[in-house]
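For reference, the chains in residue letters:
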Amino acid sequence: LVVWLAWDTDNTDLDLHVVEPSGNEVYYRHPRSSIGGHLSRDFTQGYGPEVYLVKQPPAGKYTVRAKYYASHQQSALTGATSAVIWALQGGPNPELTFDTVRLDRNKEMM
């Protein structure tokens, strides 16, 4: 399972959060999990991406969220960003999911 998050506004800090079937949440403060889930480095400037990967994902529901952590823009008028999330599930029946969300407030999570 691969989950990929990027955004379209420079100097913006978005964070990828993935809640695994056990309820364990993987994000920048907890970047590894007991099932082998791993989050890439935390990008606090630029456009990302942040990536979650688990090679042998257990069956169950995975919840993916993007959190608008902070804007480092010079102007408050440019603080909004569009987040793009891709999720690819491999295996015998591969599945690709794509979604976009618009975030414009610090600490907003979708």
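Refer to the structure above for everything that follows.
I will try to describe carefully the structure that is included in this document. (Residues numbered from 1 in each chain as written. Predicted model: local features only at pLDDT ≥ 70, side-chain atom pairs only at ≥ 80, totals over all residues. Heavy atoms only, no water.)

**Examining the pairing of strand E8 (residues 95-103)**
Turning to step 1, where the next piece is worked out: Pairing analysis gives 9 bridges linking strand E7 (residues 81-89) to E8, with the strands arranged antiparallel. Bridge assignment links Ala83 to a residue of E8, and that residue is Val101.
Turning to step 2, where the next piece is worked out: Here E7 hands over to E8 after 5 residues, with Gly91 in that stretch at a positive phi of 100°. (Pairing = 2+ DSSP bridges. Helix = DSSP H or I, 4+ residues; strand = E, 2+ residues; numbered from the N terminus.)

**A look at the sheet that holds E7**
Turning to step 1, where the next piece is worked out: Taken in spatial order, the 5 strands make up an open sheet running E4-E5-E1-E7-E8, and their pairing is antiparallel. Edge positions in the sheet fall to strand E4 (38-39) and E8, since each has one partner strand and no second.
Turning to step 2, where the next piece is worked out: Bridging between strand E1 (residues 2-7) and strand E5 (residues 50-53) involves 4 bridges; their strand directions are antiparallel. Bridging across to E5, Leu5 finds its partner in Glu50.

**Description of the pairing of E7**
Turning to step 1, where the next piece is worked out: Bridging between E1 and E7 involves 6 bridges; their strand directions are antiparallel. Among the inter-strand pairings, Val2 is bridged to a residue of E7, identified as Leu88.

**Re a nonpolar patch on the surface**
Turning to step 1, where the next piece is worked out: Taken together, the side chains of Val2, Trp4, Leu53, Trp86, Leu88, Leu96 and Phe98 present a nonpolar region at the surface, about 620 Å² in accessible area.
Turning to step 2, where the next piece is worked out: Of all the secondary-structure elements, those providing two or more residues to the nonpolar patch are E1, E7 and E8.
Turning to step 3, where the next piece is worked out: Locating Phe98 in the fold gives a position in strand E8.
Turning to step 4, where the next piece is worked out: Overall, Phe98 belongs to the partly exposed group, its relative accessible area being 47%. (Patch = residues over 30% accessible without salt bridge, like charges linked within 9 Å, V, L, I, M, F, W, Y side chains within 5 Å. Areas by Shrake-Rupley, 256 points an atom, 1.4 Å probe, with all protein chains shown as cover. Salt bridge = Lys/Arg side-chain N within 4 Å of Asp/Glu carboxyl O. Buried < 20%, exposed > 50% of the residue type's maximum accessible area, 1.4 Å probe, protein only.)

**Structural notes on the environment of Tyr69**
Turning to step 1, where the next piece is worked out: Relative to the helices and strands, Tyr69 resides in strand E6 (residues 63-71).
Turning to step 2, where the next piece is worked out: Judged by relative accessible area, Tyr69 falls into the partly exposed class, the value being 27%.
Turning to step 3, where the next piece is worked out: As for Tyr69 and Leu103, which are separated by 34 residues in sequence, their C-alpha atoms are 10.0 Å apart.

**Observations regarding the pattern of salt bridges**
Turning to step 1, where the next piece is worked out: This model, assessed by the stated rule, comprises 1 salt bridge.
Turning to step 2, where the next piece is worked out: We note a salt bridge from Glu25 to Arg65, for which the minimum N-O separation is 3.1 Å. Placement of Glu25 in strand E3 (residues 25-26) and of Arg65 in strand E6 is noted, with a sequence separation of 40 residues between them.
Turning to step 3, where the next piece is worked out: By relative accessible area, Glu25 is classed as partly exposed at 24%.

**Side note on the nonpolar core**
Turning to step 1, where the next piece is worked out: Counting 20 residues, the largest nonpolar core has Val3, Leu5, Leu14, Leu16, Tyr52, Ala83 and Leu103 as its most contacted members.
Turning to step 2, where the next piece is worked out: Looking at this core, the elements with two or more residues in it are E1, strand E2 (12-19), E6, E7 and E8.
Turning to step 3, where the next piece is worked out: If near-sequence neighbours (up to four positions away) are discounted, Leu14 is found in contact with Leu5, Trp7, Asp42, Phe43, Glu50, Lys67, Tyr68, Tyr69, Thr81, Ala83 and Leu103. (Core = buried A, V, L, I, M, F, W, Y, C linked by side-chain atoms within 4.5 Å. Contact = heavy atoms within 4.5 Å.)

**Quick look at the packing of aromatic side chains**
Turning to step 1, where the next piece is worked out: On inspection of all chains with the given rule, the structure shows 3 aromatic pairs.
Turning to step 2, where the next piece is worked out: The interplanar angle of 85° and the centroid separation of 5.6 Å between the aromatic rings of Tyr27 and Tyr28 together place this pair among those described as edge-to-face.
Turning to step 3, where the next piece is worked out: For Tyr27, a relative accessible area of 22% gives the class partly exposed.
Turning to step 4, where the next piece is worked out: With a centroid separation of 5.9 Å and 70° between ring planes, the pair formed by Tyr28 and Tyr69 is classed as edge-to-face. Highlighted residues: Tyr28 in the loop between E3 and E4 and Tyr69 in strand E6, separated in sequence by 41 residues.
Turning to step 5, where the next piece is worked out: You can call Tyr28 partly exposed: its relative accessible area is 26%.
Turning to step 6, where the next piece is worked out: Cluster of aromatic residues (ring-pair linked, three or more members): Tyr27, Tyr28 and Tyr69. (Phe/Tyr/Trp six-rings, centres within 6.5 Å; stacked < 30°, edge-to-face > 60°.)

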